[in-house]
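Chain and residue survey
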Amino acid sequence: MFRVYEDYTHYFSLNAAWGRKVVQKLTRMLSSRVEAMIAPSRKIEDVLEKYNVLCPVEVIPSGIDTDKFSTAIFADRVEKLYMNGCEQQALVLRVC
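As the structure is a prediction and not an experimental result, all values here were calculated from the model. (Residues numbered from 1 in each chain as written. Predicted model: local features only at pLDDT ≥ 70, side-chain atom pairs only at ≥ 80, totals over all residues. Heavy atoms only, no water.)

Before going further, it helps to spend a moment on the confidence of the model for the protein. On average, residues of the protein carry a pLDDT of 76, and 58% of them reach 70 or more. Element-level pLDDT for the protein is lowest in helix α3 (residues 71–83), with a mean of 64, against a maximum mean of 92 in strand β2 (residues 57–59). (pLDDT = per-residue confidence, 0-100. Helix = DSSP H or I, 4+ residues; strand = E, 2+ residues; numbered from the N terminus.)

Have a look at this one:
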């Protein structure tokens, strides 16, 4: 089960209602600056929709679309990187 940001407002706010409003406002502001948001569950998607976010919300349970990183494709890519002398470089995954 996923916790929502509002569950943690007691760390920075003595007033729970004020803390929830701050989280909602900041999330909405952030949503105006990104192309999309990833929600790890339908529950979080519902919360973001209640915040009236301004961007699309995509539910991806692990936060990563695993279909785009199948074991065979990923292993082949890593092998090619090492064979081309990239073993000293950092490997960065990016979902497009």
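This paragraph deals with the pattern of salt bridges. Applying the stated criterion to the full structure yields one salt bridge. Of the charged contacts, one joins Arg-42 and Glu-45 as a salt bridge, the two residues approaching to 3.2 Å between their closest N and O atoms. Placement of the pair is Arg-42 and Glu-45 together in helix α2 (residues 42–50), with a separation of three residues, close to one helical turn. Since its relative accessible area comes to 55%, Arg-42 is described here as exposed. (Salt bridge = Lys/Arg side-chain N within 4 Å of Asp/Glu carboxyl O. Buried < 20%, exposed > 50% of the residue type's maximum accessible area, 1.4 Å probe, protein only.)

Of all the positions in α2, only Ile-44, Glu-45, Val-47 and Leu-48 are classed as buried. Here the buried residues of α2 occupy an arc of 160 degrees about the axis, which is enough to place them on one side. Those residues of α2 that are exposed and aimed more than 90 degrees away from the buried face are Arg-42 and Lys-50. Those residues of α2 that are buried are in contact with α1 (16–31), β1 (37–39) and β2. Just beyond α2, the residue with positive phi is Asn-52, at close to 60 degrees. (Arc of directions from axis to C-beta. Contact = heavy atoms within 4.5 Å.)

Let's shift gears to the nonpolar core. Of all hydrophobic cores here, the largest spans eleven residues; its members are Val-23, Met-37, Ala-39, Ile-44, Val-47, Leu-48, Tyr-51, Val-53, Cys-55, Val-57 and Val-59. Elements represented by at least two residues in this core include exactly β1, α2 and β2. At three residues, the largest contribution of residues to this core is made by α2. What Cys-55 contacts, discounting residues up to four positions off in sequence, is Ser-31, Val-34, Glu-35, Ala-36 and Met-37. (Core = buried A, V, L, I, M, F, W, Y, C linked by side-chain atoms within 4.5 Å.)

Moving on, we come to α1. Structural remark: α-helix, 3.6 residues per turn; residues separated by three or four positions point the same way. Between its first and last C-alpha, α1 extends 22 Å over 16 residues, near the 22 Å set by a 1.5 Å rise per residue. Of the residues making up α1, those classed as buried are Gly-19, Val-23, Thr-27 and Ser-31. One face of α1 carries all of its buried residues, which in axial projection span an arc of 105 degrees. Facing away from the buried surface of α1 by more than 90 degrees, the exposed residues are Lys-21 and Lys-25. On its buried side, α1 packs onto β1 and α2. (Expected span 1.5 Å × (residues − 1).)

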